[in-house]
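So the chains spell out like this:
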Amino acid sequence: MSKTKPFVISKSLVMTAYKLVKVNAGSAGADQQTIADFDMNLENNLYKIWNRMSSGNYFPPSILAVQIPKKTGGERVLGIPTVSDRIAQMVVKLNFEPLIEPYFHSDSYGYRAGKSALDAVGIARQRCWKYDWVLEFDIKGLFDNIDHDLLMKAVTKHTDNKWVILYIKRWLTAPMQMPSGECIVRSKGVPQGGVISPILSNLFLHYVFDMFMSRNFPQVKWCRYADDGLIHCATEEEAQRLKNVLEKRFHECLLELHPEKTKIIYCKDGKRTKEYPNMHFTFLGYDFRRRMTVNKKNGNRFLAFTALVSKCALKLMHARVRRYNIPRRTQCSLEDIAKNMNPILRGWFNYYGHYTPSALNSFRWSIDKSLAKWAMRKYKKLKGHKTKSVYFIQKIKESSPNLFAHWKQGKKIMVV
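Summarised in this report is the structure supplied together with it. (Residues numbered from 1 in each chain as written. Predicted model: local features only at pLDDT ≥ 70, side-chain atom pairs only at ≥ 80, totals over all residues. Heavy atoms only, no water.)

The secondary structure content of the protein chain amounts to 14 helices and 11 strands. For the protein chain, buried positions account for 48% of its 416 residues. Relative to all contacts within the protein chain whose residues are 6 or more apart in sequence, the contacts with residues 24 or more apart total 69%. Here the protein chain has roughly 21,900 Å² of accessible surface; of this, 53% comes from carbon and sulfur atoms. (Helix = DSSP H or I, 4+ residues; strand = E, 2+ residues; numbered from the N terminus. Buried < 20%, exposed > 50% of the residue type's maximum accessible area, 1.4 Å probe, protein only. Contact = heavy atoms within 4.5 Å. Areas by Shrake-Rupley, 256 points an atom, 1.4 Å probe, with all protein chains shown as cover.)

Okay, here's the thing in C-alpha coordinates:
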(Lines give C-alpha, C1' and ligand atoms only; values in the text may rest on other atoms or scores of the structure.)
Protein backbone atom coordinates (compact mmCIF):
# COMPACT_ATOMS: atom_id res chain seq x y z
CA MET A 1 0.00 0.00 0.00
CA SER A 2 1.54 3.29 -1.09
CA LYS A 3 1.83 6.14 1.33
CA THR A 4 0.36 9.53 0.52
CA LYS A 5 2.95 12.16 -0.35
CA PRO A 6 3.09 15.08 2.10
CA PHE A 7 3.16 17.61 -0.75
CA VAL A 8 0.82 17.64 -3.73
CA ILE A 9 2.91 18.38 -6.82
CA SER A 10 1.58 17.16 -10.14
CA LYS A 11 3.77 15.28 -12.56
CA SER A 12 2.46 17.50 -15.35
CA LEU A 13 3.90 20.53 -13.53
CA VAL A 14 7.31 18.85 -13.46
CA MET A 15 7.01 18.08 -17.18
CA THR A 16 6.10 21.70 -17.94
CA ALA A 17 9.09 22.86 -15.91
CA TYR A 18 11.38 20.50 -17.82
CA LYS A 19 10.18 21.81 -21.19
CA LEU A 20 10.82 25.41 -20.14
CA VAL A 21 14.30 24.58 -18.87
CA LYS A 22 15.12 22.74 -22.09
CA VAL A 23 14.03 25.70 -24.22
CA ASN A 24 16.24 28.01 -22.16
CA ALA A 25 19.15 25.59 -22.62
CA GLY A 26 22.10 26.52 -20.37
CA SER A 27 25.36 24.86 -19.46
CA ALA A 28 26.02 21.93 -17.14
CA GLY A 29 26.20 22.43 -13.39
CA ALA A 30 28.51 20.96 -10.77
CA ASP A 31 27.63 17.37 -11.80
CA GLN A 32 28.67 18.11 -15.42
CA GLN A 33 25.36 16.71 -16.69
CA THR A 34 24.06 18.45 -19.81
CA ILE A 35 20.45 18.56 -20.93
CA ALA A 36 21.33 15.98 -23.59
CA ASP A 37 22.67 13.70 -20.86
CA PHE A 38 19.53 14.28 -18.81
CA ASP A 39 17.35 13.36 -21.79
CA MET A 40 19.03 9.98 -22.14
CA ASN A 41 17.11 8.79 -19.07
CA LEU A 42 14.36 11.40 -19.16
CA GLU A 43 11.43 9.51 -17.65
CA ASN A 44 13.40 8.22 -14.68
CA ASN A 45 15.11 11.58 -14.07
CA LEU A 46 11.81 13.47 -14.06
CA TYR A 47 10.26 10.86 -11.75
CA LYS A 48 13.11 11.32 -9.26
CA ILE A 49 12.55 15.08 -9.17
CA TRP A 50 8.80 14.67 -8.69
CA ASN A 51 9.17 11.93 -6.07
CA ARG A 52 11.72 13.80 -3.99
CA MET A 53 9.91 17.12 -4.14
CA SER A 54 6.55 15.53 -3.31
CA SER A 55 8.13 13.66 -0.41
CA GLY A 56 9.88 16.70 1.02
CA ASN A 57 13.23 14.99 0.44
CA TYR A 58 14.59 17.18 -2.32
CA PHE A 59 17.88 18.81 -1.29
CA PRO A 60 19.57 21.10 -3.81
CA PRO A 61 23.04 19.99 -4.91
CA SER A 62 26.00 22.38 -4.95
CA ILE A 63 25.80 25.35 -7.30
CA LEU A 64 28.71 25.70 -9.70
CA ALA A 65 30.45 29.07 -9.41
CA VAL A 66 31.53 30.48 -12.77
CA GLN A 67 33.40 33.76 -13.10
CA ILE A 68 32.46 35.88 -16.10
CA PRO A 69 33.84 39.30 -17.10
CA LYS A 70 31.71 42.39 -16.51
CA LYS A 71 31.17 44.82 -19.36
CA THR A 72 32.62 47.59 -17.22
CA GLY A 73 35.62 45.55 -16.09
CA GLY A 74 36.23 43.06 -13.33
CA GLU A 75 34.35 39.82 -12.87
CA ARG A 76 31.05 38.63 -11.44
CA VAL A 77 30.29 35.17 -10.13
CA LEU A 78 27.37 33.29 -11.64
CA GLY A 79 25.89 30.32 -9.83
CA ILE A 80 24.97 27.56 -12.28
CA PRO A 81 22.55 24.94 -10.88
CA THR A 82 22.46 21.40 -12.24
CA VAL A 83 19.84 20.54 -14.87
CA SER A 84 17.74 18.68 -12.28
CA ASP A 85 17.93 21.62 -9.90
CA ARG A 86 16.92 24.06 -12.63
CA ILE A 87 13.83 21.95 -13.25
CA ALA A 88 13.03 21.83 -9.52
CA GLN A 89 13.44 25.61 -9.29
CA MET A 90 11.17 26.04 -12.30
CA VAL A 91 8.48 23.96 -10.55
CA VAL A 92 8.54 26.41 -7.65
CA LYS A 93 8.68 29.40 -9.98
CA LEU A 94 5.57 28.26 -11.86
CA ASN A 95 3.69 28.08 -8.57
CA PHE A 96 5.06 31.20 -6.88
CA GLU A 97 5.43 33.76 -9.66
CA PRO A 98 1.70 34.13 -10.43
CA LEU A 99 1.10 34.92 -6.76
CA ILE A 100 3.50 37.86 -6.61
CA GLU A 101 3.38 39.28 -10.13
CA PRO A 102 0.08 41.22 -9.61
CA TYR A 103 1.65 43.11 -6.70
CA PHE A 104 4.68 44.40 -8.61
CA HIS A 105 4.92 48.05 -9.61
CA SER A 106 4.34 49.11 -13.21
CA ASP A 107 7.76 50.84 -13.26
CA SER A 108 9.61 47.66 -12.29
CA TYR A 109 10.83 46.19 -15.60
CA GLY A 110 13.38 43.47 -14.84
CA TYR A 111 12.61 39.74 -15.06
CA ARG A 112 8.93 40.23 -15.81
CA ALA A 113 6.77 38.81 -18.57
CA GLY A 114 5.50 41.49 -20.92
CA LYS A 115 8.17 43.98 -19.85
CA SER A 116 11.64 44.50 -21.26
CA ALA A 117 14.82 46.52 -20.97
CA LEU A 118 13.72 48.50 -24.04
CA ASP A 119 10.51 49.46 -22.23
CA ALA A 120 12.60 50.81 -19.35
CA VAL A 121 14.87 52.73 -21.74
CA GLY A 122 11.82 54.17 -23.48
CA ILE A 123 10.11 55.46 -20.34
CA ALA A 124 13.41 56.86 -19.05
CA ARG A 125 13.93 58.66 -22.36
CA GLN A 126 10.51 60.31 -22.15
CA ARG A 127 10.94 61.37 -18.53
CA CYS A 128 14.38 62.87 -19.17
CA TRP A 129 12.65 65.27 -21.56
CA LYS A 130 10.21 66.28 -18.83
CA TYR A 131 12.49 66.40 -15.77
CA ASP A 132 15.82 68.26 -15.62
CA TRP A 133 17.57 65.96 -13.15
CA VAL A 134 18.12 62.22 -12.70
CA LEU A 135 19.33 60.29 -9.71
CA GLU A 136 20.95 57.15 -11.09
CA PHE A 137 21.39 54.43 -8.49
CA ASP A 138 23.04 51.04 -8.50
CA ILE A 139 22.96 48.51 -5.66
CA LYS A 140 26.36 47.14 -4.76
CA GLY A 141 26.41 43.34 -5.01
CA LEU A 142 22.64 42.90 -4.77
CA PHE A 143 22.57 39.17 -5.48
CA ASP A 144 25.39 38.53 -3.01
CA ASN A 145 23.94 40.51 -0.11
CA ILE A 146 20.18 39.92 0.08
CA ASP A 147 19.30 39.13 3.69
CA HIS A 148 17.64 35.72 3.96
CA ASP A 149 15.40 36.55 6.92
CA LEU A 150 14.02 39.69 5.27
CA LEU A 151 13.54 37.82 2.00
CA MET A 152 11.67 34.94 3.63
CA LYS A 153 9.45 37.47 5.39
CA ALA A 154 8.45 38.74 1.96
CA VAL A 155 8.00 35.20 0.59
CA THR A 156 5.67 34.11 3.42
CA LYS A 157 3.66 37.30 3.00
CA HIS A 158 2.55 36.03 -0.41
CA THR A 159 2.23 32.27 0.09
CA ASP A 160 1.53 29.72 2.80
CA ASN A 161 2.44 26.84 0.49
CA LYS A 162 4.73 24.72 2.68
CA TRP A 163 6.73 23.10 -0.10
CA VAL A 164 7.34 26.42 -1.87
CA ILE A 165 8.63 27.93 1.38
CA LEU A 166 10.69 24.83 2.23
CA TYR A 167 12.52 24.65 -1.09
CA ILE A 168 13.17 28.38 -1.34
CA LYS A 169 14.81 28.18 2.09
CA ARG A 170 16.97 25.28 0.96
CA TRP A 171 18.03 27.01 -2.24
CA LEU A 172 19.09 30.10 -0.31
CA THR A 173 21.62 28.08 1.67
CA ALA A 174 22.71 25.58 -1.01
CA PRO A 175 26.54 25.45 -1.07
CA MET A 176 28.51 27.14 -3.84
CA GLN A 177 31.22 25.05 -5.50
CA MET A 178 34.13 27.35 -6.36
CA PRO A 179 36.46 26.84 -9.35
CA SER A 180 39.03 25.43 -6.90
CA GLY A 181 36.57 22.70 -5.91
CA GLU A 182 35.95 24.17 -2.46
CA CYS A 183 32.29 24.30 -1.36
CA ILE A 184 31.21 27.45 0.45
CA VAL A 185 28.09 27.56 2.61
CA ARG A 186 26.11 30.74 2.00
CA SER A 187 24.39 32.72 4.74
CA LYS A 188 23.13 35.59 2.57
CA GLY A 189 22.38 36.40 -1.04
CA VAL A 190 20.80 34.47 -3.88
CA PRO A 191 22.98 32.88 -6.60
CA GLN A 192 22.92 34.96 -9.78
CA GLY A 193 22.14 32.43 -12.49
CA GLY A 194 19.45 30.38 -10.78
CA VAL A 195 15.93 30.04 -12.18
CA ILE A 196 14.28 31.24 -8.97
CA SER A 197 16.84 33.98 -8.16
CA PRO A 198 15.48 36.78 -10.39
CA ILE A 199 12.01 36.45 -8.87
CA LEU A 200 13.37 36.47 -5.34
CA SER A 201 15.60 39.51 -5.94
CA ASN A 202 12.70 41.34 -7.57
CA LEU A 203 10.43 40.53 -4.63
CA PHE A 204 13.08 41.77 -2.20
CA LEU A 205 13.51 45.08 -4.03
CA HIS A 206 9.74 45.43 -4.35
CA TYR A 207 9.61 46.02 -0.61
CA VAL A 208 13.02 47.64 -0.15
CA PHE A 209 12.59 50.23 -2.93
CA ASP A 210 9.39 50.10 -4.98
CA MET A 211 6.90 50.12 -2.13
CA PHE A 212 9.06 52.49 -0.13
CA MET A 213 9.03 55.05 -2.94
CA SER A 214 5.32 54.61 -3.66
CA ARG A 215 4.47 55.07 0.01
CA ASN A 216 6.80 57.96 0.86
CA PHE A 217 7.26 59.77 -2.47
CA PRO A 218 4.16 58.99 -4.55
CA GLN A 219 4.67 62.04 -6.78
CA VAL A 220 8.22 61.08 -7.82
CA LYS A 221 8.71 59.23 -11.12
CA TRP A 222 11.21 56.37 -11.27
CA CYS A 223 11.96 53.18 -13.12
CA ARG A 224 13.96 50.12 -12.08
CA TYR A 225 15.46 47.20 -13.94
CA ALA A 226 16.81 44.70 -11.40
CA ASP A 227 19.45 46.58 -9.37
CA ASP A 228 19.74 49.51 -11.81
CA GLY A 229 17.35 52.38 -11.33
CA LEU A 230 16.59 55.98 -12.23
CA ILE A 231 14.70 58.59 -10.24
CA HIS A 232 13.58 61.71 -12.12
CA CYS A 233 13.70 64.97 -10.20
CA ALA A 234 12.72 68.59 -10.80
CA THR A 235 15.73 70.08 -9.00
CA GLU A 236 19.25 69.14 -7.93
CA GLU A 237 18.20 69.67 -4.31
CA GLU A 238 15.41 67.11 -4.66
CA ALA A 239 17.82 64.60 -6.21
CA GLN A 240 20.36 65.08 -3.40
CA ARG A 241 17.67 64.73 -0.75
CA LEU A 242 16.42 61.49 -2.30
CA LYS A 243 19.97 60.17 -2.56
CA ASN A 244 20.44 60.69 1.16
CA VAL A 245 17.11 59.04 1.93
CA LEU A 246 17.90 56.02 -0.25
CA GLU A 247 21.33 55.52 1.29
CA LYS A 248 19.67 55.29 4.69
CA ARG A 249 16.87 53.04 3.41
CA PHE A 250 19.20 50.54 1.76
CA HIS A 251 21.45 50.51 4.81
CA GLU A 252 18.43 49.61 6.97
CA CYS A 253 17.77 46.67 4.63
CA LEU A 254 21.44 45.55 4.78
CA LEU A 255 22.24 46.73 1.27
CA GLU A 256 24.52 49.49 0.00
CA LEU A 257 24.31 51.90 -2.90
CA HIS A 258 27.33 51.67 -5.17
CA PRO A 259 29.34 54.82 -4.36
CA GLU A 260 30.72 55.26 -7.88
CA LYS A 261 27.69 54.22 -9.92
CA THR A 262 25.16 56.21 -7.89
CA LYS A 263 25.18 59.83 -9.06
CA ILE A 264 23.11 62.89 -9.91
CA ILE A 265 22.88 63.90 -13.57
CA TYR A 266 21.77 67.12 -15.23
CA CYS A 267 19.85 66.37 -18.44
CA LYS A 268 21.36 69.18 -20.49
CA ASP A 269 19.92 69.84 -23.94
CA GLY A 270 19.40 72.89 -26.16
CA LYS A 271 17.12 74.65 -23.67
CA ARG A 272 18.78 73.55 -20.44
CA THR A 273 21.91 75.65 -20.36
CA LYS A 274 23.45 75.06 -16.93
CA GLU A 275 26.82 73.36 -16.49
CA TYR A 276 27.19 70.38 -14.16
CA PRO A 277 29.88 67.73 -13.54
CA ASN A 278 27.58 64.90 -14.68
CA MET A 279 25.56 65.52 -17.83
CA HIS A 280 25.23 62.00 -19.21
CA PHE A 281 24.65 58.48 -17.92
CA THR A 282 24.43 54.92 -19.20
CA PHE A 283 21.35 52.78 -18.56
CA LEU A 284 20.80 49.26 -19.91
CA GLY A 285 23.36 49.61 -22.69
CA TYR A 286 22.17 53.05 -23.82
CA ASP A 287 24.00 56.34 -23.33
CA PHE A 288 21.70 59.20 -22.33
CA ARG A 289 23.25 62.51 -23.34
CA ARG A 290 22.88 65.70 -25.34
CA ARG A 291 22.97 65.08 -29.07
CA MET A 292 22.13 66.91 -32.26
CA THR A 293 18.81 65.58 -33.52
CA VAL A 294 16.76 66.12 -36.66
CA ASN A 295 13.04 66.83 -36.51
CA LYS A 296 11.48 64.24 -38.83
CA LYS A 297 8.54 66.52 -39.66
CA ASN A 298 10.36 69.66 -40.79
CA GLY A 299 14.01 68.62 -41.02
CA ASN A 300 15.15 71.19 -38.44
CA ARG A 301 18.15 70.30 -36.29
CA PHE A 302 18.11 70.78 -32.52
CA LEU A 303 19.92 69.62 -29.38
CA ALA A 304 18.08 66.95 -27.41
CA PHE A 305 18.86 64.81 -24.39
CA THR A 306 18.26 61.38 -25.81
CA ALA A 307 19.29 57.72 -25.77
CA LEU A 308 21.66 56.00 -28.18
CA VAL A 309 23.81 52.87 -28.12
CA SER A 310 26.51 53.22 -25.46
CA LYS A 311 30.21 53.48 -26.26
CA CYS A 312 30.81 50.41 -24.10
CA ALA A 313 28.25 48.36 -26.04
CA LEU A 314 29.74 49.47 -29.37
CA LYS A 315 33.22 48.54 -28.19
CA LEU A 316 32.06 45.05 -27.21
CA MET A 317 30.25 44.57 -30.53
CA HIS A 318 33.30 45.64 -32.53
CA ALA A 319 35.44 43.24 -30.48
CA ARG A 320 33.03 40.36 -31.10
CA VAL A 321 33.09 40.97 -34.88
CA ARG A 322 36.89 41.20 -34.86
CA ARG A 323 37.12 37.85 -33.07
CA TYR A 324 34.97 36.28 -35.77
CA ASN A 325 37.57 37.57 -38.27
CA ILE A 326 35.44 37.88 -41.40
CA PRO A 327 38.31 38.71 -43.82
CA ARG A 328 40.04 35.40 -43.17
CA ARG A 329 36.98 33.19 -43.60
CA THR A 330 37.64 32.70 -47.31
CA GLN A 331 36.68 29.04 -47.06
CA CYS A 332 33.11 30.21 -46.37
CA SER A 333 30.57 31.62 -48.78
CA LEU A 334 28.87 34.94 -48.06
CA GLU A 335 25.73 32.95 -47.22
CA ASP A 336 27.70 30.91 -44.66
CA ILE A 337 29.02 34.06 -42.99
CA ALA A 338 25.52 35.55 -42.91
CA LYS A 339 24.08 32.37 -41.39
CA ASN A 340 26.69 32.39 -38.63
CA MET A 341 26.51 36.09 -37.85
CA ASN A 342 22.85 36.93 -38.30
CA PRO A 343 21.50 35.63 -34.97
CA ILE A 344 23.77 37.93 -32.98
CA LEU A 345 23.58 40.83 -35.46
CA ARG A 346 19.80 40.64 -35.37
CA GLY A 347 19.82 40.82 -31.59
CA TRP A 348 22.17 43.81 -31.54
CA PHE A 349 20.34 45.83 -34.17
CA ASN A 350 16.89 45.05 -32.78
CA TYR A 351 17.97 46.18 -29.31
CA TYR A 352 20.49 48.99 -29.84
CA GLY A 353 18.81 50.20 -33.01
CA HIS A 354 15.43 50.67 -31.36
CA TYR A 355 16.28 54.22 -30.25
CA THR A 356 18.51 56.50 -32.40
CA PRO A 357 19.33 53.79 -34.98
CA SER A 358 21.63 56.19 -36.84
CA ALA A 359 24.14 55.82 -34.00
CA LEU A 360 24.83 52.31 -35.35
CA ASN A 361 25.77 53.50 -38.84
CA SER A 362 29.52 53.44 -38.24
CA PHE A 363 29.29 49.92 -36.81
CA ARG A 364 27.13 48.82 -39.73
CA TRP A 365 29.66 50.19 -42.20
CA SER A 366 32.57 48.57 -40.35
CA ILE A 367 30.94 45.17 -40.89
CA ASP A 368 30.58 45.90 -44.60
CA LYS A 369 34.24 46.95 -44.76
CA SER A 370 35.17 43.60 -43.26
CA LEU A 371 33.03 41.90 -45.90
CA ALA A 372 34.84 43.90 -48.61
CA LYS A 373 38.19 42.71 -47.23
CA TRP A 374 36.81 39.16 -47.30
CA ALA A 375 35.91 39.64 -50.98
CA MET A 376 39.44 40.86 -51.77
CA ARG A 377 40.90 37.70 -50.26
CA LYS A 378 38.21 35.40 -51.67
CA TYR A 379 38.31 36.44 -55.34
CA LYS A 380 41.47 36.92 -57.40
CA LYS A 381 39.89 39.57 -59.63
CA LEU A 382 39.32 41.76 -56.54
CA LYS A 383 42.71 41.24 -54.93
CA GLY A 384 44.25 44.61 -54.09
CA HIS A 385 41.18 46.51 -55.36
CA LYS A 386 39.63 48.09 -52.29
CA THR A 387 37.10 50.24 -54.15
CA LYS A 388 35.98 47.40 -56.45
CA SER A 389 35.52 45.14 -53.42
CA VAL A 390 33.37 47.77 -51.69
CA TYR A 391 31.11 48.07 -54.73
CA PHE A 392 31.04 44.29 -55.10
CA ILE A 393 29.51 44.02 -51.61
CA GLN A 394 27.28 47.02 -52.33
CA LYS A 395 25.77 45.32 -55.39
CA ILE A 396 25.03 42.18 -53.39
CA LYS A 397 23.52 44.37 -50.70
CA GLU A 398 21.19 45.99 -53.25
CA SER A 399 20.17 42.72 -54.88
CA SER A 400 19.84 40.73 -51.61
CA PRO A 401 19.03 43.27 -48.87
CA ASN A 402 17.82 40.54 -46.51
CA LEU A 403 21.02 38.49 -46.61
CA PHE A 404 22.55 40.18 -43.56
CA ALA A 405 20.52 41.33 -40.60
CA HIS A 406 22.21 44.74 -40.50
CA TRP A 407 21.47 45.42 -44.17
CA LYS A 408 17.74 45.74 -43.62
CA GLN A 409 18.19 49.02 -41.71
CA GLY A 410 21.32 50.23 -43.49
CA LYS A 411 21.89 53.00 -45.98
CA LYS A 412 22.85 52.22 -49.57
CA ILE A 413 26.09 54.20 -49.51
CA MET A 414 29.02 52.62 -47.70
CA VAL A 415 32.05 54.63 -46.66
CA VAL A 416 35.12 53.46 -48.59
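What follows covers the side chain of Arg-127. The residue Arg-127 is located in helix α5 (residues 117-130) in this model. Engagement of the side chain of Arg-127 in a polar contact is seen with the side chain of Asp-107, the distance being 3.2 Å. With near-sequence residues (within four places) excluded, Arg-127 lies in contact with Asp-107, Lys-221, Trp-222, Cys-223 and His-232. (Polar contact = N/O pair within 3.5 Å; in protein donor to acceptor, adjacent residues only side chain to side chain.)

Looking now at the nonpolar core. Formed by 67 residues in total, the largest nonpolar core has its most connected members in Met-53, Ile-87, Met-213, Ile-231, Leu-246 and Phe-250. Element by element, the count of residues in this core is highest for helix α9 (residues 197-216), at 9 residues. Phe-250 has contacts with Phe-137, Ile-139, Leu-205, Val-208, Phe-209, Leu-255, Glu-256 and Leu-257, leaving out every residue within four places of it along the chain. The next biggest cluster of nonpolar side chains, apart from the first, holds 55 residues, and it includes Leu-334, Ile-337, Tyr-352 and Trp-374. (Core = buried A, V, L, I, M, F, W, Y, C linked by side-chain atoms within 4.5 Å.)

Below, the discussion takes up the pattern of salt bridges. It is possible for side chains of opposite charge to pair when their charged atoms get near one another. This model, assessed by the stated rule, comprises 9 salt bridges. Across the pair Lys-22 and Asp-39 runs a salt bridge whose closest N-O atoms are separated by 2.9 Å. Taken together, the positions of Lys-22 in helix α1 (residues 11-24) and Asp-39 in helix α2 (residues 35-39) put the pair 17 residues apart, joining distant regions of the chain. (Salt bridge = Lys/Arg side-chain N within 4 Å of Asp/Glu carboxyl O.)

We now examine the side chain of Asp-227. As for its position among the elements, Asp-227 is in the loop between β6 (221-225) and β7 (228-233). Setting aside anything within four residues of it in sequence, one finds Asp-227 in contact with Phe-137, Asp-138, Ile-139, Leu-142 and Leu-205.

Moving on to the packing of aromatic side chains. According to the stated counting rule, one finds 24 aromatic pairs in the structure shown. Judged by centre distance (6.1 Å) and plane angle (25°), the rings of Tyr-18 and Phe-38 are stacked. Taken together, the positions of Tyr-18 in helix α1 and Phe-38 in helix α2 put the pair 20 residues apart, joining distant regions of the chain. The exposure class assigned to Phe-38 is buried, which follows from its relative accessible area of 0%. Joined through ring pairs, the aromatic side chains of Phe-137, Phe-209, Trp-222 and Phe-250 make up one cluster. Cation over ring: Lys-11 sits above Trp-50, and NZ or CZ is 4.7 Å from the ring centre. The ring of Phe-59 has Arg-170 sitting right over it, with the charged end atom 3.8 Å from the ring centre. (Phe/Tyr/Trp six-rings, centres within 6.5 Å; stacked < 30°, edge-to-face > 60°. Lys NZ or Arg CZ within 6 Å of the ring centre and 35° of its normal.)

We now examine the environment of Tyr-352. Within the secondary structure layout, Tyr-352 lies in helix α12 (residues 334-352). In sequence terms Tyr-352 and Val-195 are 157 residues apart; their C-alpha atoms lie 26 Å from each other.

The subject of this paragraph is helix α13 (residues 361-378). Given a rise of 1.5 Å per residue, 18 residues ought to cover 26 Å, and the 25 Å separating the end C-alpha atoms of α13 matches this to within 8%. Taken together, the buried positions of α13 are occupied by Asn-361, Phe-363, Arg-364, Trp-365, Ile-367, Asp-368, Ser-370, Leu-371, Ala-372, Trp-374 and Ala-375. In this fold, the buried residues of α13 make contact with α11 (311-324), α12 and α14 (386-399). (Expected span 1.5 Å × (residues − 1).)

Here we come to the sheet that holds strand β1 (residues 63-69). What the 4 strands build is an open sheet, ordered β2-β1-β4-β5; its pairing is mixed. Strands with a single pairing partner mark the edges of an open sheet, and in this sheet they are β2 (75-80) and β5 (183-184). Sheet topology places β1 next to strand β4 (residues 176-177); 2 bridges connect them, and they run parallel. In the strand pairing of β4, Leu-64 is matched with Gln-177. (Pairing = 2+ DSSP bridges.)

Moving on: the sheet that holds strand β3 (residues 133-138). Picture the strands of a sheet paired through backbone hydrogen bonds; they go either parallel or antiparallel. A sheet is described by the order of its strands in space; here 4 strands give the open sequence β6-β7-β3-β8, paired in antiparallel fashion. Each of the sheet's edge strands pairs with one partner strand only, and the pair in question is β6 and β8 (263-266). If you compare each strand with its neighbour and ignore which way they point, the axes differ by 20° on average. As judged from the 6 bridges shared by β3 and β7, these two strands associate in the antiparallel manner. Paired with Glu-136 across the two strands is Leu-230, which belongs to β7. Packing of α5 onto the sheet brings it into contact with β3, β6 and β7, and relative to β6 it is tilted by some 155°. Sitting on the sheet, α9 is in contact with β3, β6 and β7, with an inclination near 175° to β6. (Axes fitted to C-alpha atoms, helices over the stretch in contact; angles between N-to-C directions.)

Unusually for a residue other than glycine, Tyr-111 sits at a positive phi of about 60°. Phi is positive for Asn-325, which is not a glycine, with a value near 55°. Since its relative accessible area comes to 33%, Asn-325 is described here as partly exposed.

What follows is about the packing of α9 against helix α10 (residues 236-252). Their axes nearest at 11 Å, the elements α9 and α10 cross at an angle of 150°. The handedness of the crossing between α9 and α10 is right-handed. Contact residues: α9 offers Leu-205, Tyr-207, Val-208, Phe-209, Phe-212 and Met-213, while α10 offers Leu-242, Val-245, Leu-246, Arg-249 and Phe-250. Among the residues forming the contact of α9 with α10, the class breakdown is 10 nonpolar, no polar and 1 charged. (Left-handed = near helix turned anticlockwise from the far one by under 90°. Nonpolar A, V, L, I, M, F, W, Y, C, P; charged D, E, K, R; others polar.)

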